[in-house]
Amino acid sequence: MNSSLLLTTNPRFPHPNFTLATPFPPLIALRPSSVHLRRRRFDISSSLSDQASAAAVKPDVFGDKKELTGVQSLVDAMSPPVRIASSALIVAAAVAAGYGLGLRFGGSRNVAIGGAVAVGAAGAGAAYALNSCVPEVAAASLHNYVVECGDPGAVKKEDIEAIANRYGVSKQDEAFNAELSDIYCRFVSAILPPVSEDLRGDEVDAIIKFKNSLGIDDPDAANMHMEIGRRIFRQRLETGDREADMEQRRAFQKLIYVSTLVFGEAASEFLLPWKRVFKYTDSQVEVAVRDNAQRLYAIKLESISQDVDVSQLISLREAQLLYRLSDELAEDMFREHTRKLVERNISAALSVLKSRTKAVQPVIEEVDKILSFNSLLISLKNHPDASRFARGVGPISLIGGDYDGDRKIDDLKLLYKAYVTDALSGGRMEEKKLAALNQLRNVFGLGKREAETIAMDVTSQVYRRRLQQAVSSGDLLNADSKAAYLQNLCEELHFDPEKAIEIHEDIYRRKLQQLVAAKGELSDEDVKTLEQIQIMFCIRKQTVEAAHADICGSLFEKVVKEAIAAGVDGYDAEIKKSVRKAAFGLRLTRDVAISIASKAVRKIFISYIQRARAAGSRTESAKELKKMIAFNNLVVTELVADIKADSADTPPPEEPSTKMEKEEVKIEEDEDWESIQSLRKSRPNKATTAKSGQKEINLKDDLPERDRADLYKTYLLFCLTGEVTRIPFGAQITTKKDDSEYAFLNQLGGILGLTDKEIVEVHRGLAEQAFRQEAEVILADGQLTKSRIEQLNELQKNVGLPPQYSQKIIKNITTSKLSAALETAAGRGRLSIKEIRELKENGIEVENMVSASLRENLFKKTVDDIFSSGTGEFDEEEVYHKIPQDLNIDADKAKGVVHELARIRLSNSLVQAVALLRQRNQKGVVNSLNDLLACDKAVPSKPLSWEVQEELADLFLVYLKSDQAAEKVARVQYLLSINDAAAEALRNAKDNGLPNGAKAEEEFVF
């Protein structure tokens, strides 16, 4: 403890007016001994506390022996019985002496008694004085006993109790208890380390042992802890230095921690009121306990090395529980400690690896230490007694350490690469090394892809070296199975076969580049060398062709570009020779050579196409396309011929089945070519075939089909209309071309990559467009007469459109005209279901010509006509099925429409019948009642009501006179609510020939 915290006063004889200065209220209601103790000061030197230990404290920490006065020495020499007997003897002697003196000098008994009382009181006072100093003598004897023991551990509880018994005092006596508290306070102050030092971990055990040896009660001992806290707190208030204040705060935290462990967490809550006295919150107490526990546990962790064993882990767990450290913090601290141990190995390995010597063995040894330590921790984690071990035992992780970051990850990768290189130093990867690498990857925290990349780079180098050795020694060449040899090599190195294939391809490409760069072409010997490499490394033919196309193709592409750049006039014999030499010397296949030439040629074609699109007129566009055709004939065709002449392979023979299919397609296309006039002109013949340009290089994959068709159509229109020349004043002159332009048209189709079918579609579409324009004028009203048919046939011949296509156009025109007429008639209500059926019988699809809404309106009109026909008939099959089917409307929806109309017409028919009755229109009355029956058949109705019942009887009478069927009459009787008696009377009236008697005549007059 800091020496400034301990005040030097005589603990046994306090000043009578001294009071302990503190800004806090009294702790608790203490016994008199406690109050007395709080007013005492203690003198303990800091030099003594600096040397204190948990097991032994210097004897002078308790001060020197206390000297006794004369009376105290006399009391110390007496035993309790002797002291009591002496006290009684003194009192008795004093009484006797007083009585004798009083009797002698007073002469009377009363005086003698008074003298006995006076002298006896004096003797009693002397006896009291003798006994009152016993507690102080006992306390001094206790103090001298502890000093004489020297080692606080030698103090025994029995000896202290013997001292108390010797003097006949209780341990709760004020003076004796004060001395016990004084001794305990001196010991606690001495055993706590200075503020600059941390706890050693044995303080709690020493304090508890010494407290038990003294036999001091917990409340008294706790008061001493609080007293020490007051001194520290007061010193902190008196300190003006910030650093000193922090030191006092740490000292106070150590006191709190030690006190909590000494008395236990439960008892500390009421024995140590830190919050009430020092305004120290529970969280601050928790922080003090946690920080000091961490410091003690960290000291304990220093003994843990990479050779940790079971006993150390168990001891560490016991220390954690003793220090009251949580499992979470203990686990973090243990992991941090193991991480630092590993980081030392990593730093040592990196320092060697980055040094100039670059020694490998020391690096591998350090990494092996890391792996051994990690394996040890993993095995201890799976130990049967792992629950007794310190928390945090498990695989090592560098997360949160010095090597957890992007800046340090490169160092870890470098170290991982060094270990992979050492693992493959023998030319093979052993299983245990592979497991070690996986473990090292987890320790370093490398991603799986990162580790695989590093291992792949190193393994690739080793694999190349093994291949070089196998080739130079001839083992690979002489192997019965090259593939099995290479597969075995991959298995020894744990190397991915796909990566091995990439290395084989890279070796082949490097060799090919070397041979081509040396001579600019491949000789027969070079070809044999490459074939041998292909066979040894099992390289696929497609890969070889791709390598040749890439490497040799780049050289051949330069030659092709020079040939194309020469233009139409510059493609001479020298260029032809260079093209043939390059095509043969580079050993390119025909397809590869054509493909390379195609890239360059198609770029030129595209430039012509762009200029043609940008031209201001059709004639200018046709001229640009014509230039492209000339370039194809004079340059590209010759280039393709030179490539084919000296290509390294010959085209495969065509299969018979393919040949037969082409002949069948050709027969079908011949019919189309002969049917359209413009096609016949552009069709290639024997004379033009010999002069036609190449078609292998085309723009089929560069332009959409629609764009290619538009370009072809542009030149076709140029062939049909001729060249248009504009002259001043807005006039133009059309110069008709001969049929030779159609030969260029055919060549343009080949350049654009159009198939014969697509070419036919363009010609047919143009012919259909011309025919449609003229036919729409002829069939303006939609009527197809005999004279108009003759005009259309003549037009079809002039345009050159096949008859089947012209008839289709004519049908579309007439159908559209008819559709418009039907729409108009349906909209105006002039179209009936009978006409619809006639149109359908003639093959006209009415549902495509008349909209759904108009067809629904037509159905409503038809049903309404049935309900107002006056016949009283309703055919459910006709209305519910046939008519909706003819109009192509939903049957269920149609049925709902019928029911709705029937309900409306039912009541209206009765009103209409009464109105006609009043007008004396008997025929109209009968028709209205029949309409009523038709609606009733559609939707069966209940009897109808009317205000004037006589009018209903008149309606029934009129209906009887119309001689209708009996079932109709019966249904009308039911609907008009006519009972049988009334009906019979009305029948009699009918038979008598009276309209309804006189009464009936009157009813007709209003």
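By convention here, each chain's residues receive numbers from 1 onward along its written sequence. Since the coordinates come from a predicted model, pLDDT governs what is reported: local features require at least 70, and pairs of side-chain atoms require 80 or more to be given and counted, while whole-chain, interface and lining totals use all residues. Side-chain descriptors were evaluated using all non-hydrogen atoms of the structure, hydrogens and water having been removed beforehand.

Asker: What am I meant to see in the confidence of the model for the protein chain here?
Answerer: Do not read the fine detail of predicted coordinates wherever pLDDT is low. What pLDDT reports is the predictor's confidence in each residue, on a scale of 0 through 100. Of all residues in the protein chain, 75% have pLDDT values of 70 or greater, and the mean over the chain is 76. Within the protein chain, the lowest mean pLDDT, 32, falls on helix 1 (residues 32-38), and the highest, 91, falls on helix 17 (residues 361-381). pLDDT under 50 marks residues 654-669. Its contacts with residues more than four places away, or in other chains, come to 4 contacts. What makes two residues a contact is simply this: any of their non-hydrogen atoms within 4.5 Å. When the criterion is pLDDT under 50, residues 994-1006 qualifies, and its contacts beyond four places in sequence or with other chains add up to 18 contacts. By definition, any uninterrupted DSSP run of H or I lasting at least four residues is a helix, any uninterrupted run of E lasting at least two residues is a strand, and each is numbered from the N terminus.

Asker: How should I be thinking about the pattern of salt bridges in this particular structure?
Answerer: Side chains that differ in sign of charge can pair as their charged atoms come close. What makes a salt bridge here is a side-chain nitrogen of Lys or Arg within 4 Å of a carboxyl oxygen of Asp or Glu, nothing more. On inspection of all chains with the given rule, the structure shows 34 salt bridges. Between Glu-343 and Arg-339 there is a salt bridge, and its shortest N-O distance comes to 3.7 Å. Of this pair, Glu-343 and Arg-339 both sit in helix 16 (residues 327-353), separated by 4 residues, roughly a single helical turn. The rule is simple: take the accessible area with a 1.4 Å probe, protein chains only, and divide by the maximum for that residue type; under 20% is buried, over 50% is exposed, in between is partly exposed. For Glu-343, a relative accessible area of 7% puts it in the buried group. A salt bridge links Glu-758 to Arg-708, with the nearest nitrogen and oxygen atoms 3.9 Å apart. Linking Glu-758 in helix 35 (residues 756-778) with Arg-708 in helix 33 (residues 705-721), this pair joins segments that are 50 residues apart in sequence.

Asker: In this structure, what is going on with empty space enclosed by the protein? I would like to understand it.
Answerer: If a probe as big as a water molecule is rolled over the atoms, it shows which places are left empty. Buriedness of a pocket was judged along seven lines, with at least five required to meet protein on both sides within 12 Å; pockets are open sets of points on a 1 Å grid over the protein atoms alone, cavities are sets where a 1.4 Å probe fits but cannot get out, and lining residues have an atom within 4 Å of a point. Grid points are joined across faces, edges and corners, and a volume is the space filled by probe spheres set on the points. Inspection of every chain in the model, using the stated rule, returns 3 cavities of 30 Å³ or more. Counted as a void, the largest cavity has a volume near 60 Å³. Within the residue set of the lining of the largest cavity, elements represented by two or more residues are helix 9 (203-214) and helix 11 (242-263).

Asker: Sorry if this is basic, but what is going on with the packing of aromatic side chains here?
Answerer: In this analysis, rings of Phe, Tyr and Trp, with Trp reduced to its six-membered ring, are considered paired at centre separations within 6.5 Å, and the interplanar angle assigns stacked below 30 degrees, edge-to-face beyond 60, and tilted for intermediate values. Under the criterion given, the structure shown has 10 aromatic pairs. On the basis of an interplanar angle of 35° and a centroid distance of 5.1 Å, the ring pair of Tyr-463 and Phe-495 is categorised as tilted. Within this pair, whereas Tyr-463 is found in helix 20 (residues 448-473), its partner Phe-495 is found in the loop between helix 22 (482-493) and helix 23 (497-519), the two being separated by 32 residues in sequence. With respect to burial, Tyr-463 and Phe-495 carry one shared label: buried. Seen in terms of ring centroids, Tyr-715 and Phe-718 are 5.6 Å apart; in terms of plane orientation they differ by 50°. Their pairing is tilted. On the criterion of helical spacing, the pair formed by Tyr-715 and Phe-718 is a turn pair, its members being 3 residues apart in helix 33. Judged by its relative accessible area of 0%, Tyr-715 falls in the buried class. Taken together, the ring pairs connect Phe-252, Trp-274 and Phe-278 into an aromatic cluster. Sitting over a ring, as applied to charges here, requires NZ of Lys or CZ of Arg to be within 6 Å of the ring centre and within 35 degrees of the ring normal. When the ring centre of Tyr-608 is taken as reference, the NZ or CZ atom of Arg-611 above it lies at 4.7 Å.

Asker: Would you mind going over the environment of Glu-450 with me for this structure?
Answerer: With respect to the helices and strands, Glu-450 occurs in helix 20. With 37 residues separating them in the primary sequence, Glu-450 and Lys-413 have C-alpha atoms 8.4 Å apart.

Asker: Would you mind showing me how to read helix 7 (residues 157-167) here?
Answerer: Given 3.6 residues to a turn, an α-helix orients residues that are three or four positions apart in the same direction. Of all the residues in helix 7, the buried ones are Ile-160, Ile-163, Ala-164 and Tyr-167. Viewed end-on, helix 7 has its buried residues packed into an arc of 95°, placing them on one side of the element. For helix 7, the exposed residues lying more than 90 degrees away from the buried face are Glu-158 and Asn-165. Looking at the residues trailing helix 7, positive phi occurs at Gly-168, about 70°. Taking the helix axis as origin, the arc is that swept by the directions to the C-beta atoms.

Asker: Explain the environment of Leu-720 here, please?
Answerer: With respect to the secondary-structure elements, Leu-720 resides in helix 33. Taking the relative accessible area as the measure of exposure, Leu-720 reaches 33% and is therefore partly exposed. Residues Leu-720 and Tyr-742, spaced 22 residues apart in sequence, show a C-alpha to C-alpha distance of 9.2 Å.

Asker: Please explain a negative patch on the surface as it appears in this structure.
Answerer: Together, Glu-265, Glu-269, Asp-282 and Glu-286 make up a negatively charged patch on the protein surface. Counting residues per element, the ones that place at least two in the negative patch are helix 12 (265-271) and helix 14 (282-301). By secondary structure assignment, the location of Glu-269 is in helix 12. Think of a patch as exposed residues, more than 30% relative accessible area, with no salt bridge, where like charges cluster within 9 Å and nonpolar side chains (Val, Leu, Ile, Met, Phe, Trp, Tyr) cluster within 5 Å. Calculation of accessible area relied on Shrake-Rupley with a 1.4 Å probe; when residues are assessed, cover is drawn exclusively from the protein chains displayed. His is not counted here, nor are the chain ends, while Lys and Arg score as positive and Asp and Glu score as negative. Taken as the charge centre is NZ of Lys, CZ of Arg, CG of Asp or CD of Glu, depending on the residue.

Asker: Would you explain the nonpolar core in this entry?
Answerer: Definition of nonpolar core: a set of buried residues of the types Ala, Val, Leu, Ile, Met, Phe, Trp, Tyr and Cys, connected through side-chain atoms within 4.5 Å. Membership of the largest hydrophobic core comes to 188 residues, with the highest contact counts inside it found for Tyr-184, Trp-274, Ile-346, Phe-444, Tyr-463 and Phe-556. It is helix 28 (residues 590-614) that provides the largest number of residues to this core, a total of 11 residues. In this structure Trp-274 touches His-225, Met-226, Phe-252, Leu-255, Ile-256, Ser-259, Lys-279, Tyr-280 and Val-285, once residues within four positions along its chain are discounted. One finds Leu-906, Ala-953, Leu-955 and Val-972 within the second-largest nonpolar core, a separate group that totals 48 residues.

Asker: I keep staring at helix 8 (residues 174-191) and nothing clicks. Help me out?
Answerer: Residue count minus one, scaled by 1.5 Å, sets the expected span of a helix. Between its first and last C-alpha atoms helix 8 spans 26 Å; for 18 residues at 1.5 Å apiece the expected length is 26 Å, and the two agree. Where burial is concerned, most of helix 8 is hidden: 16 out of the 18 residues are buried.

Asker: Is there a simple way to explain the packing of helix 14 against helix 15 (residues 310-322) in this structure?
Answerer: The relative placement of two packed helices is expressed as an angle between their axes plus a distance between the axes. Geometry is summarised by axes, namely lines fitted to C-alpha atoms with helices restricted to the contacting stretch, and by angles between N-to-C directions that run from 0 to 180 degrees. Contact pair helix 14 / helix 15: the axes reach a minimum separation of 10 Å and the direction vectors enclose 170°. Judged by the angle between their axes, helix 14 and helix 15 are roughly antiparallel. In this structure, helix 14 crosses over helix 15, and the sense of that crossing is right-handed. Residues Tyr-297, Lys-300 and Leu-301 of helix 14 touch helix 15, and the partners they reach there are Ser-315, Leu-316, Ala-319 and Gln-320. Ten residues, namely Ala, Val, Leu, Ile, Met, Phe, Trp, Tyr, Cys and Pro, are considered nonpolar, four, namely Asp, Glu, Lys and Arg, are considered charged, and the remaining ones, Gly among them, are considered polar. Residues that form the contact of helix 14 with helix 15 fall into these classes: 4 nonpolar, 2 polar and 1 charged. Angles are sorted into four bins: roughly parallel if under 35 degrees, roughly antiparallel if over 145, roughly perpendicular if 65 to 115, and oblique for all others. Left-handed describes a crossing in which the near helix is turned anticlockwise from the far one by less than a right angle; the clockwise case is right-handed.

Asker: I'm lost on the packing of helix 15 against helix 16 in this one. Help?
Answerer: Axis separation between helix 15 and helix 16 bottoms out at 11 Å; the angle between their running directions is 140°. In terms of their interaxial angle, helix 15 and helix 16 are classed as oblique. Once helix 15 is placed against helix 16, the crossing between them reads as right-handed. For the pair helix 15 and helix 16, the contacting residues are Leu-313, Leu-316, Arg-317 and Gln-320 in the first and Asp-327, Ala-330 and Phe-334 in the second.

Asker: What is the right way to look at the side chain of Asp-642 in this model?
Answerer: Assignment of secondary structure puts Asp-642 in helix 29 (residues 618-645). Any pair of N or O atoms that falls within 3.5 Å is considered a polar contact. Within protein, one atom must be able to donate a hydrogen and the other to accept it, and sequence-neighbouring residues count only if both atoms are side-chain atoms. At 3.1 Å, the side chain of Asp-642 forms a polar contact with the side chain of Lys-576. Excluding anything up to four places from it in sequence, Asp-642 contacts Tyr-571, Lys-576, Val-579 and Arg-580.

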